[in-house]
Amino acid sequence: MQKARISGIIDNLNRIALSLESQGSAPEDLGRDLQYYGNELKSLLSDQVSFFKKLTTIGLSLSKEKNISDILERILKSSRDLTGADGGSLYLADWEKKVLTFEIVQNQAMNISLRADKFSMDKFAPVPLYHDNQQPNTKNVSSYVALKGEKVNIPDVYQAEGFDFSGTRAYDQKSGYRSKSMLVIPMQNHEDKIIGVLQLINAIDPETGAIVPFTNDAEEIVGALASQAAVVLTKTQLIQELENLFDAFIKSIACAIDGKSYHTGRHVDRVVELALTIARAINETQEGPLAKITFSGDELDELRVASWLHDVGKIATPEYILDKRFKLESIWDKGELIKSRFSYIALCMENEFLRQNITKDESKLDSSELEKKKQLLMEEMQFVLECNSTGRFITDDEIHKLQKIASKSYTCNGQQFPYITPDELDLLSIRKGNLSPVERQAIENHALITRKILEQLPFPKKLSRVADIASMHHERIDGSGYPLGLKDDEILFQAKIVAVADVFEALTARDRPYKKPIPLTKALQILEFMKKDRHLDSDIVDFFIENRIYENYETHYLKQAPNNEG
């Protein structure tokens, strides 16, 4: 249409020029004609400038868009606006499954606007690109365009030959709509690969409102837009695929770390869920000390990645420390060695009793004395094994009793050995928990190793604080945490969130071999104590408890989790 308009103006201007040349002067009517066509040309140029500005705006908006479905919706809407189409559909090509899938469906007259990421597209069956016999499906116009890479412009689908429009007619009969003109354009990217098909229906004449065929100008306009959109879409899909790969990679790392310990296999997953739940709830709150804090989409993503990687340093922590259930446990369980040793000592007592009875000339020794010694030995062994457990606090009197047992010795092959070795005594004398100072240092060292590992990774700018957030989750408000001993404002707020999530998950977890699960009320009580001791951020703990942030977590992770108390 624009070409015809330009051609008409040029022809008339040429006519005026010839008249002027032949007449030597400008009659009044030619002057009016010259002014009229001059204004027409000016109007045309203005329309063209406006049109190209619109195209530029569309191109810029497409290049800025990050969500694939938003891009697809904008492509179809822009194509309809530029051509006056009443409706349209956008398909994406799935060459592995050999189908075109409906992604966007729009129709102004029917008041329809659907997109696959928000609505079910079940009633829009995918269009097969090939028949069951693997022959190309060229009967459907959309599949034909995808396979051939050609534009198809149909003035009236009811009179078109070569394509099967039975589905279109059935839809029209059911809905009362009348499909007529159709323009179908392949979306071809910079690698000449067809990634989708754009289908427009019913071009509307802006002056009469009648359905008219799509013009050649519309073909060129939509073809150019579809090509540009295909490049943008390919770029966005590539970025999305890289982000998906990155996500899968960090999750696989977290899975590998958790996999070092059977008993903490879902720890990271649960910390991620808790941390994000807290952050999203903070975004929604409009009162209290956290009302002014808002996390952007990138900041939430940064928190998510940091939560997934917060324990990556445990890759250097020995498995026996991660899984340690008893104080004497290392690569193997020394508690069993204690049992065997005391049984051997009891056997030595019996042998000594028998030897003395055989060699003694007088009356035999009283066996009751032997039984008393054995009874005391078994009581001492039982006490040692009780101290080996992690579920009790060791008092000064109990440490003294352990030292007394350790001072005793037995003979084996002519050599004297203690009931309890010095190393065993040190481990059994651990007052709380089951880790020795060296083992605890190895555990705590994972935060520093986390920092060292993550600092080596070239995170994009929007994830630049991942290493800091991940490695700070064991820092405490009062500065007594690790690895750097940071205080309050020196600790990133996101790291404080991860710290609360990490502690709450550890307290309530039902899959730890070294402790019984703590009831929810008790866990919340401990959070309060840690807040008062300035180990955890008070605002976050208060917000977590007062707003019952833990409720969904309790439903999904605690009530359904197996209980190992029994």
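Residues numbered from 1 in each chain as written. Predicted model: local features only at pLDDT ≥ 70, side-chain atom pairs only at ≥ 80, totals over all residues. Heavy atoms only, no water.

Quick look at the overall build of the chain
- On a plain count of helices and strands, the chain comes out with 19 helices and 10 strands.
- Looking at the chain as a whole, 42% of its 566 residues are labelled buried.
- Long-range contacts, defined here as pairs at least 24 residues apart, represent 63% of the contacts in the chain between residues at least 6 apart.
- A total of about 31300 Å² of accessible surface is found on the chain, and carbon and sulfur atoms cover 52% of it. (Helix = DSSP H or I, 4+ residues; strand = E, 2+ residues; numbered from the N terminus. Buried < 20%, exposed > 50% of the residue type's maximum accessible area, 1.4 Å probe, protein only. Contact = heavy atoms within 4.5 Å. Areas by Shrake-Rupley, 256 points an atom, 1.4 Å probe, with all protein chains shown as cover.)

Things to note about the confidence of the model for the chain
- Taken residue by residue, the chain gives an average pLDDT of 82. The fraction at 70 or more is 82%.
- Taken as a whole, residues 561-566 scores under 50 in pLDDT and shows 10 contacts with residues more than four places along the chain or in a different chain. (pLDDT = per-residue confidence, 0-100.)

Concerning the pattern of salt bridges
- This structure, assessed with the given rule, holds 23 salt bridges.
- The closest approach of N and O atoms between Arg304 and Asp301, which form a salt bridge, is 2.3 Å. Here Arg304 pairs with Asp301, and both are found in helix α8 (residues 297-309), just three residues apart, close to one helical turn.
- Here Lys496 and Asp537 are joined by a salt bridge, their closest N and O atoms 3.6 Å apart. Within this pair, whereas Lys496 is found in helix α16 (residues 493-508), its partner Asp537 is found in the loop between α17 (520-532) and α18 (538-546), the two being separated by 41 residues in sequence. (Salt bridge = Lys/Arg side-chain N within 4 Å of Asp/Glu carboxyl O.)

Quick notes on the pairing of strand β2 (residues 99-107)
- A large share of β2 lies buried, amounting to eight of its nine residues.
- As judged from the eight bridges shared by strand β1 (residues 85-94) and β2, these two strands associate in the antiparallel manner. Residue pairing for β2: Ala93 is matched across the bridge by Leu100.
- Connecting β1 to the next strand, β2, in antiparallel fashion are four residues, including Lys98 with a positive phi near 60°.
- Pairing of β2 with strand β4 (residues 127-128), which is carried by two bridges, proceeds in the antiparallel orientation. Note on β4: the bridge partner recorded for Val99 is Pro128. (Pairing = 2+ DSSP bridges.)

Thoughts on a nonpolar patch on the surface
- A cluster of nonpolar side chains, Leu238, Leu242 and Leu245, forms an exposed patch at the surface whose accessible area comes to about 310 Å².
- Along the polypeptide, Leu238 turns up in helix α6 (residues 216-259). (Patch = residues over 30% accessible without salt bridge, like charges linked within 9 Å, V, L, I, M, F, W, Y side chains within 5 Å.)

Structural notes on the packing of helix α7 (residues 267-284) against α8
- With their axes 8 Å apart at the nearest point, α7 and α8 run at an angle of 160° to one another. One way to sum up the angle between α7 and α8 is to call them roughly antiparallel. In this structure, α7 meets α8 at a crossing whose hand is right-handed. Together, Val268, Asp269, Val272, Ala275, Leu276, Ala279 and Asn283 of α7 and Leu300, Leu303, Arg304, Ser307 and Trp308 of α8 make up the contact between the two elements.
- When the residues that make up the contact of α7 with α8 are grouped by side-chain class, the tally is eight nonpolar, two polar and two charged. (Axes fitted to C-alpha atoms, helices over the stretch in contact; angles between N-to-C directions. Parallel < 35°, antiparallel > 145°, perpendicular 65-115°, else oblique. Left-handed = near helix turned anticlockwise from the far one by under 90°. Nonpolar A, V, L, I, M, F, W, Y, C, P; charged D, E, K, R; others polar.)

Points about empty space enclosed by the protein
- Counted according to the given criterion, the structure contains one cavity of 30 Å³ or more.
- Empty space within the largest cavity amounts to approximately 50 Å³.
- Around the largest cavity, the lining residues are Met472, Glu475, Ile477, Ile491, Ala495, Lys496, Ala499, His535, Leu536 and Asp537.
- Looking at the lining of the largest cavity residue by residue, the class counts come to six nonpolar, one polar and three charged. (1 Å grid on protein atoms, 1.4 Å probe; cavity = no way out; pocket = protein on both sides within 12 Å on 5 of 7 lines; lining within 4 Å. Points joined across faces, edges and corners; volume = space filled by probe spheres on them.)

Focus on the nonpolar core
- Ile497, Phe504, Leu527 and Phe544 are the most contacted members of the largest nonpolar core, which has 57 residues in total.
- Among the secondary structure elements, those contributing two or more residues to this core are α6, α7, α8, α15 (466-471), α16, α17, α18 and α19 (550-558).
- Residues Met349, Ile399, Tyr419 and Leu427 belong to the second largest nonpolar core, which totals 26 residues. (Core = buried A, V, L, I, M, F, W, Y, C linked by side-chain atoms within 4.5 Å.)

Examining unusual backbone geometry
- Following Tyr482, the chain continues into Pro483 via a peptide bond in cis, with omega recorded as 15°.
- With phi around 55°, Asn111 is a residue other than glycine that occupies positive phi space.
- By secondary structure assignment, the location of Asn111 is in the loop between β2 and β3 (112-115).
- Accessibility expressed as a relative area gives 73% for Asn111, which makes it exposed.
- Positive phi, close to 50°, is recorded for Arg548, a residue that is not glycine.

Some words on the side chain of Glu219
- Its location among the elements puts Glu219 in helix α6.
- For the buried Glu219, which has no salt bridge, the nearest side chain bearing the opposite charge is Lys151, at an N-O separation of 4.8 Å.
- Residue contacts for Glu219: discarding those within four places in its chain leaves Lys151, Asn153, Leu183 and Ile185. (Lys, Arg positive; Asp, Glu negative; His and termini not counted.)

Re α7
- When the terminal C-alpha atoms of α7 are compared, their 26 Å separation across 18 residues agrees well with the 26 Å that a helix rising 1.5 Å per residue should span.
- Restricting attention to buried positions, one finds in α7 the residues His267, Val268, Arg270, Val271, Val272, Leu274, Ala275, Leu276, Ile278, Ala279, Ala281 and Ile282. (Expected span 1.5 Å × (residues − 1).)

Observations regarding the state of the cysteines
- Throughout the structure, instances matching the rule amount to zero disulfides.
- Sulfur of Cys348: no disulfide; nearest cysteine sulfur belongs to Cys412 and is 6.6 Å away.
- Residue classification places Cys348 among the partly exposed residues on the basis of a relative accessible area of 21%. (Disulfide = S-S within 2.5 Å.)

Let's talk about helix α4 (residues 141-148)
- Of all eight residues in α4, six are buried, a share of seventy percent or more.
- Those residues of α4 not exposed but buried are Val141, Ser142, Ser143, Tyr144, Val145 and Ala146.
- For α4, the secondary structure elements touched by its buried residues are β1, β2, β4, β5 (152-154), β6 (182-188) and β7 (194-204).

Structural notes on the packing of aromatic side chains
- Overall, the coordinates contain 12 aromatic pairs when judged by the stated rule.
- Between the aromatic rings of Tyr410 and Phe417, the centroid separation amounts to 5.9 Å while the plane-to-plane angle is 35°, which identifies the pairing as tilted.
- Each residue in the set Phe342, Tyr344, Tyr410, Phe417 and Tyr419 is aromatic and connected to the rest through ring pairs, giving one cluster.
- Sitting over the face of the ring of Tyr158, Arg178 holds its NZ or CZ atom 4.0 Å from the ring centroid. (Phe/Tyr/Trp six-rings, centres within 6.5 Å; stacked < 30°, edge-to-face > 60°. Lys NZ or Arg CZ within 6 Å of the ring centre and 35° of its normal.)

With respect to the environment of His310
- Structurally, His310 is set in the loop between α8 and α9 (319-322).
- Sequence separation of His310 and Arg451 is 141 residues, and the distance between their C-alpha atoms is 9.0 Å.
- His310 has contacts with His267, Val268, Val271, His446, Thr450, Ala470, His473, Val498 and Asp502, leaving out every residue within four places of it along the chain.
- Side chain to side chain, His310 and Asp502 meet in a polar contact 3.4 Å long. (Polar contact = N/O pair within 3.5 Å; in protein donor to acceptor, adjacent residues only side chain to side chain.)

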